[in-house]
Amino acid sequence: MSRDEMSLGNGIVKQSARPVKVFVGRDGEYWLCDAGVDPSADFGAQGCLAHSAVQMAEGG
């Protein structure tokens, strides 16, 4: 199955104080979004955060 044929459903729902969904954009970027966004519209324009822009601390 190619990436274009892959079905990812309606996003992954993360239970939190602020309902969040994770989507994969057409370019493969993961987006952290409010649960009510339109997945067919531009994620950045809707206030979603690109996963590549998230600062993560490494450690163990």
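What counts as what
- Residues numbered from 1 in each chain as written.
- Predicted model: local features only at pLDDT ≥ 70, side-chain atom pairs only at ≥ 80, totals over all residues.
- Heavy atoms only, no water.
- Pairing = 2+ DSSP bridges.
- Helix = DSSP H or I, 4+ residues; strand = E, 2+ residues; numbered from the N terminus.
- pLDDT = per-residue confidence, 0-100.
- Disulfide = S-S within 2.5 Å.
- Buried < 20%, exposed > 50% of the residue type's maximum accessible area, 1.4 Å probe, protein only.
- Contact = heavy atoms within 4.5 Å.

Novice: I'd like a description of the pairing of strand β3 (residues 30-34), backed by residues and values.
Specialist: In the sheet, strand β2 (residues 20-24) pairs with β3 via 5 bridges, with the strands oriented antiparallel. Across the sheet, F23 pairs through a bridge with W31, a residue of β3. Linking β2 to β3, which pair antiparallel, is a turn of 5 residues; within it G28 sits at a positive phi near 95°. Taken together, the 2 bridges between β3 and strand β4 (residues 49-50) define a ladder with antiparallel strand orientation. If you follow W31 over to β4, its bridge partner there is A50.

Novice: Could you give an account of the confidence of the model for the protein chain, naming the residues involved and the relevant values?
Specialist: Chain-level pLDDT for the protein chain is 80 on average; 67% of the residues reach the 70-or-more range. Between the elements of the protein chain, mean pLDDT differs from a low of 63, seen in strand β1 (residues 12-14), to a high of 94, seen in β4.

Novice: Describe the state of the cysteines, listing the residues and the values that go with them.
Specialist: Tallied over the entire structure, the rule returns 1 disulfide. Disulfide partner of C33: C48, at an S-S distance of 2.2 Å. The chirality of the disulfide connecting C33 with C48 is right-handed, given an S-S dihedral of about 120°. Taken as a pair, C33 in strand β3 and C48 in the loop between β3 and β4 lie far apart in primary sequence, 15 residues in all. On the basis of relative accessible area, C33 is assigned to the buried category, the value being 2%. Of the residues examined, C48 reaches a relative accessible area of 9% and is grouped as buried.

Novice: For the side chain of E29, give the residues involved together with the corresponding values.
Specialist: Mapped onto the fold, E29 is located in the loop between β2 and β3. E29 sits in the buried class, given a relative accessible area of 19%. Apart from the residues lying within four places of it in its own chain, the contact partners of E29 are F23, V24, A50, H51 and S52.

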